[in-house]
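One letter stands for each residue in the lines below.
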Amino acid sequence: MIASGHLFSFRQSLHCFRNILLLLLFCLQGCSQRDLCYDHSHKVPVEIVFDWSLAPDADPSTMVVWFFPVDGSKGLRFELTADGNPSRGSFDAVLRVPAGTYTMVCHNGNTEYNVERGTDIFSYALTTYDVDVLSAMNRAQNAPLPDGADNQAVRKEASRLYAHTHDTPLTVVNEAGRKHKVVFKPSESTIECDVRITKVENLNPDIEASAIITGASEAWNAATQSAADVAVSVPFALEHCGSDCLKGSVTLFGFADMPHKLRVYTSYKYYYDFDVTDQISMQEGHPVINITLSGIKLPQSPGSGMTPGVDEWGEIKEEVLPM
């Protein structure tokens, strides 16, 4: 009986072992027929291609790509670095994202001044940061803003921006054989303001100068692909371009509100006001706006405070600000 009992147990064990082997073989066979059996991430490849025909002179350091879910939840951010190839096509890549429907946004990254803000398509924007009025003259002291701009924040100028938001959402589906491809066509989304001031009397090589422009836009919005309607004032440097000439250039996201005033500050602690609203309005939509001004008379010796100067348009006001 003991031997018979041992034999029965041995046969029973063999039967169980055989069933286990069959079950394992069935599972392996079934798994080999499923494409994503070993892909526990459940992410889908999306090919990203950049078409630079709208921005042939762009020279980005990196390219940022956002996948924003259309339900308004937090987006997925990727930053693409060139692979060393001199062609801008080297930013092309294959990214893996979860299945879903997304609004796609791209822009150049790793810029000097631009700051990203927001994590969903409704709040995402490129902006800059707060600075002092005289920061372009490398001075920490503040100075009075032009009339009507008292409530405007003072922001750093923008870095040149190349961006594109796809108007049609992309639906990413996790299906075998289904391919997804997105072609971005970045275009320049900032403008340049070139300023030239002639007939500057008593301009000597030791005089430093800067300017500030009011009514500029504080940001570029991804959802609208346009400048934000919040107005800020943006300072920028001026340099000598002759014995009686000053010039400068400032990069902006666009304009938000009129009027547009331009105030010139000098190290002689005099400032000079110009209304440039008409010049800007006449060039609306141009990637480069040229502002030409004339008629500044600097004092022959430095003053003791920030004082209004005389120009062809401005009204003389008494205002002193210790430097």
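Only a predicted model underlies this, so the values are computations on that prediction, with no experimental measurement involved.

What counts as what
Residues numbered from 1 in each chain as written. Predicted model: local features only at pLDDT ≥ 70, side-chain atom pairs only at ≥ 80, totals over all residues. Heavy atoms only, no water. Pairing = 2+ DSSP bridges. Helix = DSSP H or I, 4+ residues; strand = E, 2+ residues; numbered from the N terminus. Axes fitted to C-alpha atoms, helices over the stretch in contact; angles between N-to-C directions. Contact = heavy atoms within 4.5 Å. 1 Å grid on protein atoms, 1.4 Å probe; cavity = no way out; pocket = protein on both sides within 12 Å on 5 of 7 lines; lining within 4 Å. Points joined across faces, edges and corners; volume = space filled by probe spheres on them. Nonpolar A, V, L, I, M, F, W, Y, C, P; charged D, E, K, R; others polar. Salt bridge = Lys/Arg side-chain N within 4 Å of Asp/Glu carboxyl O. Buried < 20%, exposed > 50% of the residue type's maximum accessible area, 1.4 Å probe, protein only. Polar contact = N/O pair within 3.5 Å; in protein donor to acceptor, adjacent residues only side chain to side chain. Phe/Tyr/Trp six-rings, centres within 6.5 Å; stacked < 30°, edge-to-face > 60°.

Peer 1: Before we move on, can you summarise the sheet that holds strand 4 (residues 93-98) with the specific residues and values?
Peer 2: The mixed open sheet is built from three strands, whose spatial order is 4-1-11. Edge positions in the sheet fall to strand 4 and strand 11 (181-184), since each has one partner strand and no second. If you compare each strand with its neighbour and ignore which way they point, the axes differ by 35° on average. In this structure, strand 1 (residues 43-50) lies alongside strand 11, joined through four bridges in parallel fashion. Its bridge partner being in strand 11, V49 is matched across the sheet by V183.

Peer 1: Pulling in residues and values, what's your account of the environment of P69?
Peer 2: Mapped onto the elements of the fold, P69 is located in strand 2 (residues 62-69). Residues P69 and P169, 100 residues apart in the sequence, show an inter-C-alpha distance of 9.0 Å. The contacts of P69, once residues within four sequence positions are left out, are K74, G75, T101 and Y102.

Peer 1: Which residues make up empty space enclosed by the protein, and what values do they have?
Peer 2: One pass over the full model with this rule turns up two cavities of 30 Å³ or more. Along its surface, the largest cavity is lined by 13 residues, and K156, A158, S217, V234 and F253 are the ones closest to its centre. At the level of secondary structure, the elements contributing two or more residues to the lining of the largest cavity comprise strand 14 (209-217), strand 17 (231-240) and strand 18 (246-252). Each residue belonging to the lining of the largest cavity can be placed in one class, and the counts come to six nonpolar, three polar and four charged.

Peer 1: Lay out unusual backbone geometry in plain terms, naming residues and giving numbers.
Peer 2: With omega at 0°, the peptide bond leading from M258 into P259 counts as cis. On the secondary structure map, P259 appears in the loop between strand 18 and strand 19 (261-266). With a phi close to 55°, N110 is a non-glycine residue in the positive phi region. Inspection of the secondary structure puts N110 in the loop between strand 5 (100-109) and strand 6 (115-117). With a phi close to 70°, K269 is a non-glycine residue in the positive phi region.

Peer 1: Hey, could you go over the pattern of salt bridges for me, with residue numbers and the actual values?
Peer 2: Counted according to the given criterion, the structure contains twelve salt bridges. The residue E218 makes a salt bridge to R117 at a minimum N-O spacing of 3.1 Å. One end of the pair, E218, is in the loop between strand 14 and strand 15 (219-221); the other, R117, is in strand 6, with 101 residues separating them in the sequence. Owing to a relative accessible area of 33%, R117 belongs among the partly exposed residues under this scheme. We note a salt bridge from E239 to K247, for which the minimum N-O separation is 3.8 Å. Overlapping salt bridges bring together R117, D130, R155 and E218 as one network.

Peer 1: Got a sec to walk through the sheet that holds strand 15? Specific residues and values, please.
Peer 2: Taken in spatial order, the four strands line up as 6-7-15-16 in an open sheet, and their pairing is antiparallel. In this open sheet, the two edge strands, each paired with only one partner strand, are strand 6 and strand 16 (226-227).

Peer 1: How would you explain the layout of surface pockets if you had to name every residue and give the values?
Peer 2: If you add up the space inside the largest pocket, you get close to 390 Å³. Every residue lining the largest pocket is counted, 22 residues in all, and those nearest its centre are I191, G254, F255, E284 and G285. Residue composition of the lining of the largest pocket, by class: ten nonpolar, nine polar and three charged.

Peer 1: Give a description of the side chain of H164 that names residues and reports values.
Peer 2: Inspection of the secondary structure puts H164 in strand 9 (residues 162-165). Within the structure, H164 has its side chain in polar contact with the backbone nitrogen of K185 (distance 2.9 Å). Setting aside residues no more than four positions away along its own chain, H164 makes contact with M104, V105, C106, V183, F184, K185, P186 and Q225.

Peer 1: Explain the packing of aromatic side chains to me, and be specific about the residues and the numbers.
Peer 2: Counted according to the given criterion, the structure contains eight aromatic pairs. With centroids separated by 6.0 Å and ring planes inclined at 25°, the aromatic side chains of F50 and W52 adopt a geometry described as stacked. Residue F50 shares its accessibility class with W52, and that shared class is buried. Pairing F50 with F184 gives two aromatic rings, centres 5.8 Å apart and planes at 25°, and the pair type is stacked. With F50 in strand 1 and F184 in strand 11, this residue pair connects regions lying 134 residues apart in the sequence. In this structure, F50 and F184 share a single accessibility class: buried. Through pairs of rings, three or more aromatic residues link up here, namely F50, W52 and F184.

Geometry only, nothing functional implied.
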